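Breakdown of the fold
Now for the letters of each chain:
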Amino acid sequence: MTNENLSAEAERAIEEIEDKNVDFLRLQFTDILGTVKNVSVPADQAEKAFTEGIYFDGSSIEGFVRIQESDMRLKPDPETFAVLPWRNTEEHASARLICDVINTSTGEPFEGDPRYVLKQALERAEALGYTVNAAPEPEFFLFEEDEDGRATTETSDFGGYFDLAPKDLASDVRRDIIYGLESMDFEIEASHHEVAQGQHEINFEYDDALTTADNVSTFRTVVRAIAAQHDLHATFMPKPIPRINGSGMHTHISLFTENGENAFHDGDDEFDLSETAKQFIAGILEHAPALAAVTNPTVNSYKRLVPGYEAPVYVAWSDRNRSALIRKPAARVPAASRIEARFPDPSCNPYLAFAALIHAGLDGIERGLECDDPVRENIYDFDEEKREEYGIDTLPANLGQALDALEQDEVVQDALGEHVYPKFVEAKTQEYDEFRVDVSDWELDRYLEKF
Ligand code: GLU
Ligand code: MG
């Protein structure tokens, strides 16, 4: 029996549900902070989910709605159907579907849904004639669990950059993570041990920015779930161990024209970058302090953005060095020309972070902003005088400064939209205030006996 209200993709998903013995569907979406939420429904509800959607109470989700307007509807995107690798046997499987959130009183997309916020950014790009591709490089640590199954900061290995077994004991775990991701249709490009002990990176193929944001969200869930099967805790916290490298989520971005050409490529340019790409870079550099509140949204994010650990601190771009905020990676073919924003970290909400980056870059294009020359020297080595001479600003030093910058930047505020912006600032200001009143171990070590 076919239901004429079902799209072709929805029908295909329903076939897969039957073929793969899926019993439960997890309908997923994220809150403003990027945490994945899910409502589980028996698989026989699939048709209803695709045609009518599933109702839920949005008042208990961070940053969603006020109590009196709490009814929300989840509308699953059938193209995101994927069987969960850690809940998959011959007879029983669970699958997930990523959903758009609909406001039941208007029937329109809910403005507070981060996926909608990103869709708005892509619409603006489209109005200017562009589609947006993105590829992230999420880094993470694998830590031992204690006897009670709680995360520690003991690393599970002592390997270093690109180390191989036997030092890189975690490569078995990484392999299982990759199998899991591949079973969910991820195309894995490379994986390696990162610089710090216990630190890893797995890169997946670029895609349109919406699919990539969905993928980041899925990636974090899969990495954590499969690490847990090995009794390890995977963390995307930006700086879990002081004084060694932290974890970034460098984000590669390119714009394509309607004819399928890479709008960032210009073979005649010294850096192979088009004027459009340079304006996009200039837009990101101009809005960087406010963007940081979104791309680096935790107190801990700013412990990573310090000199000396391959994370950017300075608002500049470069065609080669890693101390800059934006880098132009070498591209083998014109289609691969792109820019790499090096400041985002994996504690961000990928939908909001990509939306903010895209709006900032498009602002640069719309205003025809000019980009300074790239900085080729190691900016970590510059003193303040030299930075002033080059006109190089620094990123906010903490979440409080980033939130202040956000309150001054209408472009980034508009990127988040009227619903998300105030809720985001409220949640993050509270987080920063809680941190400010706390007294850390460092302070006790330093001052308790001294004064
Ligand atoms: N872990 C570094 C960071 O925090 C980046 C290392 C690399 O270049 O991959 O951004
Ligand atoms: Mg890396």
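Up top is the structure these notes are about.
As the structure is a prediction and not an experimental result, all values here were calculated from the model. (Residues numbered from 1 in each chain as written. Chains lettered and ligands numbered in written order. Predicted model: local features only at pLDDT ≥ 70, side-chain atom pairs only at ≥ 80, totals over all residues. Heavy atoms only, no water.)

1. A short note on the overall build of the protein
A tally of regular secondary structure across the protein gives 12 helices and 17 strands. For 451 residues, the compact-globule estimate of 2.2 N^0.38 gives 22 Å, and the C-alpha radius of gyration of the protein, at 22 Å, lies within 12% of that figure. Along the longest, intermediate and shortest principal axes, the C-alpha atoms of the protein span 75 × 55 × 50 Å. Out of the 451 residues in the protein, the part that is buried amounts to 55%. Restricting to contacts in the protein with at least 6 residues of sequence separation, those with at least 24 account for 69%. For the protein, the exposed surface amounts to about 21400 Å²; the carbon and sulfur share of it is 43%. (Helix = DSSP H or I, 4+ residues; strand = E, 2+ residues; numbered from the N terminus. Rg over C-alpha atoms; globule rule 2.2 N^0.38 Å. Buried < 20%, exposed > 50% of the residue type's maximum accessible area, 1.4 Å probe, protein only. Contact = heavy atoms within 4.5 Å. Areas by Shrake-Rupley, 256 points an atom, 1.4 Å probe, with all protein chains shown as cover.)

2. Considering the coordination of the magnesium ion (ligand 2)
Here the magnesium ion (ligand 2) is held by Glu139 (OE), Glu194 (OE) and Glu201 (OE), and the distances to it run 1.9 to 2.2 Å. If you list the donors of the magnesium ion (ligand 2) from N- to C-terminus, the spacing comes out as E-x54-E-x6-E. Within this pair, whereas glutamate 139 is found in strand β7 (residues 130-145), its partner glutamate 201 is found in strand β10 (residues 199-204), the two being separated by 62 residues in sequence. (Donors = N, O, S within 2.8 Å, 3.2 Å for Na, K, Ca; no water.)

3. Considering the site of ligand 1
In the vicinity of ligand 1, 13 residues are found, and the nearest of them are Glu139, Gly246, His250, Arg304 and Arg322. Contact distances for ligand 1 include 3.1 Å between an oxygen atom and a side-chain N or O atom of glutamate 194. In isolation ligand 1 offers 300 Å² of accessible surface; the protein chains occlude 98% of this area. Tallied by class, residues from the shell around ligand 1 come to two nonpolar, four polar and seven charged. (Near = heavy atom within 4 Å. Polar contact = N/O pair within 3.5 Å; in protein donor to acceptor, adjacent residues only side chain to side chain. Nonpolar A, V, L, I, M, F, W, Y, C, P; charged D, E, K, R; others polar.)

4. Points about the pairing of strand β6 (residues 93-103)
Within β6, 11 of the 11 residues are buried, leaving the element largely enclosed by the surrounding structure. Where burial is concerned, the two faces of β6 agree: the one with Ala93, Ala95, Leu97, Cys99, Val101 and Asn103 and the one with Ser94, Arg96, Ile98, Asp100 and Ile102 are both buried. Sheet topology note: the strand β4 (residues 71-76)/β6 ladder contains five bridges and is antiparallel. Pairing of lysine 75 across the sheet is with aspartate 100, part of β6. (Pairing = 2+ DSSP bridges.)

5. Re the packing of aromatic side chains
Each aromatic ring pair is characterised by the separation of its centres together with the angle its planes make. Under the defined criterion, the tally for this structure stands at 13 aromatic pairs. With a centroid separation of 6.3 Å and an interplanar angle of 65°, the aromatic rings of phenylalanine 140 and phenylalanine 219 are classed as edge-to-face. In this pair, phenylalanine 140 sits in strand β7 while phenylalanine 219 sits in helix α5 (residues 209-229), placing the two residues 79 residues apart along the sequence. Comparing phenylalanine 140 with phenylalanine 219 shows no difference in burial state: the two are buried. Judged by centre distance (5.5 Å) and plane angle (15°), the ring pair of phenylalanine 141 and phenylalanine 143 falls under stacked. For the pair formed by phenylalanine 141 and phenylalanine 143, the shared burial category is buried. Here the aromatic cluster, defined as three or more aromatic residues joined through ring pairs, consists of Phe140, Phe186, Phe204, Phe219 and Phe236. Here lysine 239 stacks its cationic end above the ring of tyrosine 309, 3.9 Å away from the centre of that ring. Lying over the aromatic face of phenylalanine 382, lysine 386 brings its terminal NZ or CZ to 4.6 Å of the ring centre. (Phe/Tyr/Trp six-rings, centres within 6.5 Å; stacked < 30°, edge-to-face > 60°. Lys NZ or Arg CZ within 6 Å of the ring centre and 35° of its normal.)

6. Here we look at the pairing of strand β2 (residues 36-42)
Alignment of strand β1 (residues 22-30) against β2, held across seven bridges, turns out to be antiparallel. By the bridge assignment for β2, leucine 25 is matched with valine 41. Joining the antiparallel neighbours β1 and β2 is a turn of five residues, in which glycine 34 adopts a positive phi near 95°.

7. What to know about the side chain of glutamate 201
Under the relative-accessibility criterion, glutamate 201 is labelled buried at 3%. Only 2.8 Å separates the side chain of glutamate 201 from the side chain of asparagine 203, close enough to count as a polar contact. In this structure, glutamate 201 is in contact with Glu137, Pro138, Glu139, Ala190, Ser191, His192 and Glu194, ignoring residues within four places of it in sequence.

8. Thoughts on the pattern of salt bridges
A full pass over the atoms with the stated rule returns 18 salt bridges. Arginine 376 serves as the salt-bridge partner of aspartate 319, at 2.7 Å between the closest nitrogen and oxygen. Of this pair, aspartate 319 sits in the loop between β14 (314-318) and β15 (324-327) while arginine 376 sits in the loop between α8 (350-366) and α9 (384-390); the two residues are 57 residues apart in sequence, bridging distant segments of the chain. Residue class for arginine 376 comes out partly exposed when judged on its relative accessible area of 35%. The network of salt bridges with shared partners includes Asp77, Asp100, Arg115, Lys119 and Asp214. (Salt bridge = Lys/Arg side-chain N within 4 Å of Asp/Glu carboxyl O.)

9. Regarding the environment of glutamine 120
In this structure, glutamine 120 sits in helix α3 (residues 114-127). With 56 residues separating them along the chain, glutamine 120 and phenylalanine 64 place their C-alpha atoms 18 Å apart.

10. A closer look at a negative patch on the surface
A cluster of acidic side chains, namely Asp383, Glu384, Glu385, Glu388 and Glu389, defines a negative patch on the protein surface. Following the sequence through the fold, glutamate 385 ends up in helix α9. Residue classification places glutamate 385 among the exposed residues on the basis of a relative accessible area of 64%. (Patch = residues over 30% accessible without salt bridge, like charges linked within 9 Å, V, L, I, M, F, W, Y side chains within 5 Å. Lys, Arg positive; Asp, Glu negative; His and termini not counted. Charge placed at Lys NZ, Arg CZ, Asp CG, Glu CD.)

11. Thoughts on the packing of α3 against α8
When two helices pack together, their arrangement is captured by the angle between the axes and the distance separating the axes. Viewed as axis vectors pointing N to C, α3 and α8 meet at an angle of 20°, and their least axial separation amounts to 8 Å. Classified by the angle between their axes, α3 and α8 sit roughly parallel to one another. Between α3 and α8 lies a crossing of left-handed hand. Contacts between α3 and α8 involve Pro114, Arg115, Val117, Leu118, Gln120, Ala121, Leu122, Arg124 and Ala125 from the former and Tyr351, Leu352, Phe354, Ala355, Ile358, His359, Leu362, Asp363 and Glu366 from the latter. Looking at side-chain class alone, the contact of α3 with α8 contains 12 nonpolar, two polar and four charged residues. (Axes fitted to C-alpha atoms, helices over the stretch in contact; angles between N-to-C directions. Parallel < 35°, antiparallel > 145°, perpendicular 65-115°, else oblique. Left-handed = near helix turned anticlockwise from the far one by under 90°.)

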